[in-house]
Amino acid sequence: MPNIAIIGGGPAGLMAAEVLSQPGLEIHLYDAMPSVGRKFLLAGIGGLNLTHAEPFNDFVVRFGTRQSEIMPLLKRFTPQMVRDWAHDLGIETFVGSSQRVFPLEMKAAPLLRAWLRRLRTAGVMFHTRHRWYGWNENQALKFLTPEGEKRVQADAVILALGGGSWAKLGSDGAWLPLLAEKNVLIAPLQPANCGFEVLWSAHFSSRSAAQPLKSVSLSFTDAAGKNYQKRGELMITATGVEGSLIYALSAPLRDTINVQGSVTIFLDLAPDKSLPNLVNALAKPRGAKSVANHLRSRVGIEGVKAGLLREHLSTTTFADSTLVAAAIKALPITLIAPRPIDEAISTAGGVCFESLDAQLMIKTLPGVFCAGEMLDWEAPTGGYLLTAALASGRAAGLGALSWLQTRKHFHQSQTLPTTSE
């Protein structure tokens, strides 16, 4: 009976196991952590975002420069198919106002429990506290376990080892040198869906950290001259900025910093008000009102928005209503670096698709497949990350199944499962 080793117990590895958990195959899933799905569970604490309900063509665009490689995977496991899969596990979903798709219970734990129950019932064998660290001279997989080194011979291997963010949950990027020494083409890991550093003053940082900045518009120009503009909200941190608006633009922001060393964004603190209206409102006499009260009563600027203006404008500038209005509409903030990769929600970079065949098998390592975030792709939050991880895990599982069916060393009378969908 063919033996398949799946290394990594996140969504991609679990989905590969589901595809392969059929009669005629022996499936072993290995994970370095004491339990599987840890990052999946943490991601679901604030409400598990399974996928997104926007039109498929719009969905695929979110994968940027890798959309042509990701599209075939998503066509075989679409966002609607993700919802159907969850339904089969007994998890009902709904579409939120942002078109994001969530389980009715808004939690990851019930889905993971149902999923693991299905896999165990199907015969998948789980091996936790097994840290993979390469192959020996006989191409056996090497694991470090609490009982010492363990060596495993497998007929096919699926690597679903994650990226480099949230190392404490298992995605530490330790696999990079193991594949690099096998001449696998790997793009350096970089933070994605991440915060960025700003040189705030100590006064502003201490007073405004963890304060949300709501209903703003962000614009900037990247190193190639492309203009970006998006509306949403972000969070001021002690070291800079983060939040959904920043995450949505983190890829071009990061890439521009890589080229230029920094990037200046412009925040419109009052996107529903025109510049002339702001000038007229602020030009009215404030009398005995303080500047803060004048900003609040005339144009609704208060709290952290007012703090940002004080952070960037001099006392003299505050006396000029035209300059203050201009700053409200386009306040420049310079981002100097992304936050460390371990703080990022996800990572860019990883095993390049050029090193893989259409079934996600490494061309130089026959029988070894890759899936999930360890592949060189990135996407914003909003269900895109999880959907692509599931779709790539499914593709790698089907790829391994197809590859096993072609191996001449299996006895001709041996019946293998089918890859029909």
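Here's a quick rundown of the structure. As the structure is a prediction and not an experimental result, all values here were calculated from the model.

**Structural notes on the nonpolar core**
Grouped burial of nonpolar side chains is what soluble globular proteins tend to show.
Next up, step 1: If you look at the biggest cluster of nonpolar residues, it comprises 82 residues, and the most contacted ones within it are Trp85, Leu111, Trp115, Trp132, Leu159 and Leu179.
Next up, step 2: When near neighbours in sequence (up to four residues on either side) are disregarded, Leu111 contacts Phe40, Leu48, Leu50, Trp85, Ala86, Leu89 and Ile91.
Next up, step 3: Ranked by size, the runner-up nonpolar core spans 43 residues in total, among them Leu213, Ile236, Leu269 and Ile328.

**Description of the pattern of salt bridges**
Once their charged atoms are close, side chains differing in charge can pair, the charge on each being opposite to the other.
Next up, step 1: Within this structure, the stated rule accounts for 14 salt bridges.
Next up, step 2: Residues Lys39 and Glu373 are paired through a salt bridge, measuring 3.3 Å at the closest nitrogen-oxygen approach. Taken as a pair, Lys39 in helix α2 (residues 38–43) and Glu373 in the loop between β20 (368–370) and α16 (384–406) lie far apart in primary sequence, 334 residues in all.
Next up, step 3: Relative accessible area serves as the criterion here: at 18%, Lys39 is assigned to the buried category.
Next up, step 4: Relative accessible area serves as the criterion here: at 17%, Glu373 is assigned to the buried category.
Next up, step 5: Between Glu54 and Arg62 there is a salt bridge, and its shortest N-O distance comes to 2.8 Å.
Next up, step 6: Classification of Arg62 as partly exposed rests on a relative accessible area of 37%.
Next up, step 7: Salt bridges sharing partners connect three or more residues here, namely Arg66, Glu69, Glu354 and Asp376.

**As for the pairing of strand β5 (residues 100–103)**
Next up, step 1: Two strands pair when backbone bridges link them, and strand β3 (residues 51–52) and β5 are joined in this way by 2 bridges, in the antiparallel orientation. Each residue of the ladder has a partner; that of Thr51, found in β5, is Val101.
Next up, step 2: Pairing analysis gives 3 bridges linking strand β4 (residues 93–95) to β5, with the strands arranged antiparallel. Residue pairing for β5: Val95 is matched across the bridge by Val101.

**Overview of the packing of aromatic side chains**
Next up, step 1: Scanning the entire structure with this criterion turns up 10 aromatic pairs.
Next up, step 2: With centroids separated by 4.4 Å and ring planes inclined at 25 degrees, the aromatic side chains of Tyr30 and Phe143 adopt a geometry described as stacked. A residue pair is termed long-range when its members are at least 10 positions apart, and Tyr30 in strand β2 (residues 26–30) and Phe143 in strand β8 (residues 141–145) qualify at 113 residues. Across this residue pair, the class does not change: Tyr30 and Phe143 are buried.
Next up, step 3: Between Trp200 and Phe204 the ring centres are 4.7 Å apart and the planes differ by 55 degrees, which places this aromatic pair in the tilted class.
Next up, step 4: Trp200 sits in the buried class, given a relative accessible area of 11%.
Next up, step 5: By relative accessible area, which is 4% here, Phe204 ends up buried.
Next up, step 6: Chaining the aromatic ring pairs together yields one cluster made of Phe59, Phe63, Trp377 and Tyr384.
Next up, step 7: The residue whose ring lies beneath Lys39 is Trp166, and the NZ or CZ to ring-centre distance is 5.4 Å.
Next up, step 8: A cation sits over an aromatic face here: Arg120 above Phe126, 4.8 Å from the ring centre.

Conventions we followed
Residues numbered from 1 in each chain as written. Predicted model: local features only at pLDDT ≥ 70, side-chain atom pairs only at ≥ 80, totals over all residues. Heavy atoms only, no water. Core = buried A, V, L, I, M, F, W, Y, C linked by side-chain atoms within 4.5 Å. Buried < 20%, exposed > 50% of the residue type's maximum accessible area, 1.4 Å probe, protein only. Contact = heavy atoms within 4.5 Å. Salt bridge = Lys/Arg side-chain N within 4 Å of Asp/Glu carboxyl O. Helix = DSSP H or I, 4+ residues; strand = E, 2+ residues; numbered from the N terminus. Pairing = 2+ DSSP bridges. Phe/Tyr/Trp six-rings, centres within 6.5 Å; stacked < 30°, edge-to-face > 60°. Lys NZ or Arg CZ within 6 Å of the ring centre and 35° of its normal.

Limitation: the analysis is restricted to geometry and does not speak to function.
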